[in-house]
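The residues making up each chain are set out below.
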Amino acid sequence: MFKKILIANRGEIACRVIRTAKRMGIATVAVYSDADARAPHVEMADEKVYLGPPPAAESYLLADKIIAACQQTGAEAVHPGYGFLSERTSFAQALADAGIAFIGPPINAIAAMGDKIESKKLAKAAGVNVVPGFLGEIADTEEAVKIASDIGYPVMMKASAGGGGKGMRLAYSEKDVREGFEATKREGLASFGDDRVFIEKFIESPRHIEIQLLGDKHGTIVYLNERECSVQRRHQKVVEEAPSPFVTPAMRKAMGQQAVALARAVGYYSAGTVELIVSGADTTGQGFYFLEMNTRLQVEHPVTEYITGLDLVEQMIRVAYGEPLGFGQADVGIKGWSIENRVYAEDPYRGFLPSTGRLVRYRPPAETTDVRVDDGVYEGSEISMFYDPMIAKLVTWGETREEAIDAQIAALDRFEIDGIGHNVDFLSALMQHPRFREGALTTGFIAEEYPEGFTGAAVAEGLTARLAAVAALAVSAEAMRAATIDGRLNGAITPSTEWIVTFVGEEDGAEHHVLIESEAVTVDGRALVVDAPFLPGQRLIEATIDGEPLSVRVDRHRAAWRLTTRGRSHTARVLPPHIASLARHMIEKIPPDLSRFLLCPMPGLITRIHVAAGDKVEAGQPLAVVEAMKMENILRAEKSATVKSVEAKAGESLAVDAVILEFE
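Residues numbered from 1 in each chain as written. Predicted model: local features only at pLDDT ≥ 70, side-chain atom pairs only at ≥ 80, totals over all residues. Heavy atoms only, no water.

We now examine the packing of aromatic side chains. One pass over the structure, following the stated rule, counts 13 aromatic pairs. Ring geometry for Phe-426 against Phe-454: centres 5.2 Å apart, planes inclined by 80°, an arrangement best described as edge-to-face. Of this pair, Phe-426 sits in helix H13 (residues 424-432) while Phe-454 is found in the loop between helix H15 (445-449) and helix H16 (463-483), placing the two residues 28 residues apart along the sequence. Members of the aromatic cluster, connected to one another through ring pairs, are Tyr-349, Phe-352, Phe-426, Tyr-450 and Phe-454. (Phe/Tyr/Trp six-rings, centres within 6.5 Å; stacked < 30°, edge-to-face > 60°. Helix = DSSP H or I, 4+ residues; strand = E, 2+ residues; numbered from the N terminus.)

Structure follows, in structure tokens:
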């Protein structure tokens, strides 16, 4: 076995590989940039080698520096993780030339699957389903009807040079083709100067299913079941699970056998994934088609590990060393259900804008046999604009899908993250969504269910009453501590046992009367058995109410309390009855009007300012460009206005809500 390996990556995947290598007795080498000098993966490794400045192009993407690091430390092999150099044939070839093992597939397989067109040709030749279509020139409507009939309805007619949704017609029958073909040609000519049209199968209710493969250098290739990755936002996976609630045993076998056939056609070994688009509307189970093959370890590999009991990183290392797989297809089973949520540094309440900055507080839920957290950050570390915004992967397991989902909800409630925006509330809302729990998923799930953006999870019936009990107990604990202070001029005080809890901004204006007694907590006349131990200053309350657990993150928010649980924050004002009656007469503070300002929507770098003081702007006109998380964000005028002053300049790093422009 290898004595020492280098991990050519960073963050959670580098930590993940190091943990398995240590368990196998293999020494590890970490590489790092300036931004990662104190990162967990650097601390975990036995040795570390500096690469360069934070931008990946100047550090993690420098193959020659990584090879030099191997030679410097004596590392015999390199695990590339995912991203960066993991699917670059030039890197794998350079390692081979240097006599260093690549913990991944053969070079020819990476090359073959990296070409989208060639990979589809290979897939078709290997007997793998590909999306039926006709890419040649179609002479007239009659030929279009024949082609559509051969493909099978529904079909999509697309202008060859089309884009932006123009020049597209969906046809469910011959009548639709006859009516729409010529119109599609005309739209293509009018919009793009090209009237060529191609036809392909339209995949109804598309689901994203992928098959995990594992092969050795001795000709054994097995499929490790499937993963459902349909819950995506802008083509970025958010939730993954294994197995899929849609795939039947017959589908699984057909998909797996085709994936193995493709892998065998290119002499594949190591871990790899065949991605498929599957028609959720096809009840026959035959409507699945090849998309692409990822010749590396996937981000979502932990869910497969949970249901198969395999360590995929260990298997990759053993295969790279030349060991045969110690099992065959018949040995691969499915045990229970596993779900993975990607915790990102992005703010779902602000249109999922990326968030950078310091993790002032980072306390993930405790790991158990059924809860796993893969991360590469620590409390106090920086979420940098230079790399992927993932903070952690939360993975849960259960005997059933419902148990795995409920474990996610409970674990998300125990995630404590402060200092940056994050999507924990959004993930919890997804786990509670009735459509998700039913398994009625498509790649359009998030766009369809949250068309106006995210404002918090729906409030379950009775939740505010339970939160009122928790808030009243927390305030009572603080009052009890205050009562122990001696030397008061008016003598000892007796804390109130009666509280009015008002939830500010709730749709129903929820107000609850809470009475705390020794045996129970009464909320609006209903007795609850509540166990909610709390010490002043505590950030997380692990409560049990009528036998049901409820984890609540608590924080002082001015004169109120912010209680966060089940994917939503609630602002509660907790007062004794005599004060609550007077508080109703207090004048509400109206927030200032900020419509005259262009505010920076996220922490980032101002790369361009397009206007100057005195300029008149129109709605939709670009005003400035902010760069964050390797993405440029164009800020546009919401209405016609005149620029009064420019408060920022190109090259400045701004905090969220910093003023960029002021309008007259």
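Let's pick the thread back up.
With that settled, consider the packing of helix H4 (residues 89-97) against helix H5 (residues 107-114). Where H4 contacts H5, the two axes come as close as 9 Å, and the packing angle between them is 170°. In terms of their interaxial angle, H4 and H5 are classed as roughly antiparallel. Residues Thr-89, Ala-92, Gln-93 and Ala-96 of H4 touch H5, and the partners they reach there are Ile-107, Ile-110 and Ala-111. Of the residues in the contact of H4 with H5, the class split is five nonpolar, two polar and no charged. (Axes fitted to C-alpha atoms, helices over the stretch in contact; angles between N-to-C directions. Parallel < 35°, antiparallel > 145°, perpendicular 65-115°, else oblique. Contact = heavy atoms within 4.5 Å. Nonpolar A, V, L, I, M, F, W, Y, C, P; charged D, E, K, R; others polar.)

Attention shifts here to unusual backbone geometry. With an omega of 0°, the peptide bond running from Tyr-153 to Pro-154 counts as cis. Mapped onto the elements, Pro-154 comes out in the loop between helix H7 (141-151) and strand E7 (155-163). Put simply, Ala-242 and Pro-243 share a cis peptide bond, and its omega is -5°. Relative to the elements of secondary structure, Pro-243 occurs in the loop between strand E12 (236-242) and helix H9 (249-265). Positive phi values are uncommon outside glycine, yet Asn-225 reaches one of about 70°. For Asn-225, the position within the fold is in strand E11 (residues 221-233).

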